[in-house]
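Survey of secondary and tertiary structure
Listed below, chain by chain, are the residues.
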Amino acid sequence: MRVVKYPHPMLTFQSKPLKKIDGVIRDIVAEMFDLMYEHNGVGLAANQVDLPYRLIVVNPTGDREQKDSEHVLINPTILKLRGNVEDEEGCLSYPKLRLIIPRAREVKFQAVDLKGQLQTYYWKGLEARIIQHETDHLDGVPFFERATASLSGNLNVALAKMRQEYADNLAKGLEPSQDEFEENVNKWLQSGRV
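Some details on the sheet that holds strand S3 (residues 71-82)
An order of S1-S2-S3-S6-S7 is seen for the 5 strands of this open sheet, with the pairing classed as antiparallel. Edge strands, defined here as strands with exactly one partner in the open sheet, are strand S1 (43-45) and strand S7 (118-124). Within the sheet, the average angular offset between the axes of one strand and its neighbour, ignoring direction, is 40°. When S1 meets strand S2 (residues 55-58), the two strands line up antiparallel, connected through 3 bridges. In the strand pairing of S2, Ala45 is matched with Ile56. Contacting S1, S2, S3, strand S6 (106-112) and S7, helix H2 (residues 126-138) crosses the sheet at an angle of about 110° to S3.

A closer look at the nonpolar core
Counting residues in hydrophobic clusters, the biggest one holds 22 residues, and the most contacted among them are Met32, Leu44, Tyr53 and Leu55. The set of elements that each furnish at least two residues to this core consists of helix H1 (23-38), S2 and S3. It is H1 that contributes the most residues to this core, 8 residues altogether. In contact with Leu55, other than residues within four places in its own chain, are Leu18, Ile28, Val29, Met32, Leu44, Ala45, Ala46, Val72, Leu73, Ile74 and Leu138. Counting residues in hydrophobic clusters, the runner-up holds 14 residues, among them Tyr94, Leu99, Phe144 and Leu155.

Here's the deal with the pattern of salt bridges
Applying the stated criterion across every chain yields a total of 11 salt bridges. Between Glu88 and Arg98 there is a salt bridge, and its shortest N-O distance comes to 2.7 Å. With Glu88 in strand S4 (residues 85-89) and Arg98 in the loop between S4 and strand S5 (99-103), this pair connects stretches of sequence that are 10 residues apart. For Arg98, a relative accessible area of 35% puts it in the partly exposed group. Close ionic contact of Arg129 with Glu89 constitutes a salt bridge, the shortest N to O distance being 2.6 Å. Within this pair, whereas Arg129 is found in helix H2, its partner Glu89 is found in strand S4, the two being separated by 40 residues in sequence. Each member of the pair, Arg129 as well as Glu89, is classed as buried. Within this structure, Glu89, Arg103, Arg129, Asp136 and Arg146 form a network of salt bridges that share partners.

Some points on the environment of Ser93
Topologically, Ser93 is positioned in the loop between S4 and S5. The exposure class of Ser93 is buried, given its relative accessible area of 0%. Separated by 49 residues in sequence, Ser93 and Leu44 place their C-alpha atoms 9.5 Å apart. Ignoring sequence-local partners within four residues, the contact set of Ser93 consists of Val3, Val4, Lys5, Tyr6, Leu11 and Gln48.

Let's talk about the side chain of Arg193
Within the element layout of this structure, Arg193 appears in the segment after helix H4 (178-189). Note on Arg193: relative accessible area 10%, which makes it buried. Within the structure, Arg193 has its side chain in polar contact with the side chain of Asp22 (distance 2.9 Å). Polar side-chain contacts of Arg193 include one of 3.0 Å to the side chain of Ser191. For Arg193, the residues in contact, after removing those within four places along its chain, are Pro17, Leu18, Lys19, Lys20, Asp22, Val24, Ile25, Tyr53 and Trp188.

Definitions and limits used
- Residues numbered from 1 in each chain as written.
- Predicted model: local features only at pLDDT ≥ 70, side-chain atom pairs only at ≥ 80, totals over all residues.
- Heavy atoms only, no water.
- Pairing = 2+ DSSP bridges.
- Helix = DSSP H or I, 4+ residues; strand = E, 2+ residues; numbered from the N terminus.
- Axes fitted to C-alpha atoms, helices over the stretch in contact; angles between N-to-C directions.
- Contact = heavy atoms within 4.5 Å.
- Core = buried A, V, L, I, M, F, W, Y, C linked by side-chain atoms within 4.5 Å.
- Buried < 20%, exposed > 50% of the residue type's maximum accessible area, 1.4 Å probe, protein only.
- Salt bridge = Lys/Arg side-chain N within 4 Å of Asp/Glu carboxyl O.
- Polar contact = N/O pair within 3.5 Å; in protein donor to acceptor, adjacent residues only side chain to side chain.

This is the structure in structure tokens:
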């Protein structure tokens, strides 16, 4: 498992709801947390690791020792947004890119936990920003589309550089062809979990 980088096609894929939580999903969750911590993240969506599921892992502290701050959010649905604030965001799939993004200050949402129980959450501040950012991933919305400003210089130049790097890796066989991508998606969608 790895964090995929822009413009990998999974980053614009509309993730599918999970209907089955099994040992494979629990293993995926554990790996996602490990990757998130390894990359100094606070949230990670399944499509960022090339999986087509509506699944997010979050720890707003970013500290793997603070297990009580970890959240596994399956099939999250935002119910209500309140307030508005602009702040800086980064993203593991867009390395070194820092943008100013407007988000709601408070969020009410529901998600299924790893035990299969539907939970209602009320998050504000950083936690609210994380759930909005990661839900955008699940909906295939690139975070730069919401930006009002770039803190990393020219946004278009940065994105062009990432596209070129991806194209170079594709030519070297380090990234999947479109056919390989579609085959991978179909494998996971036919697993009986969606």
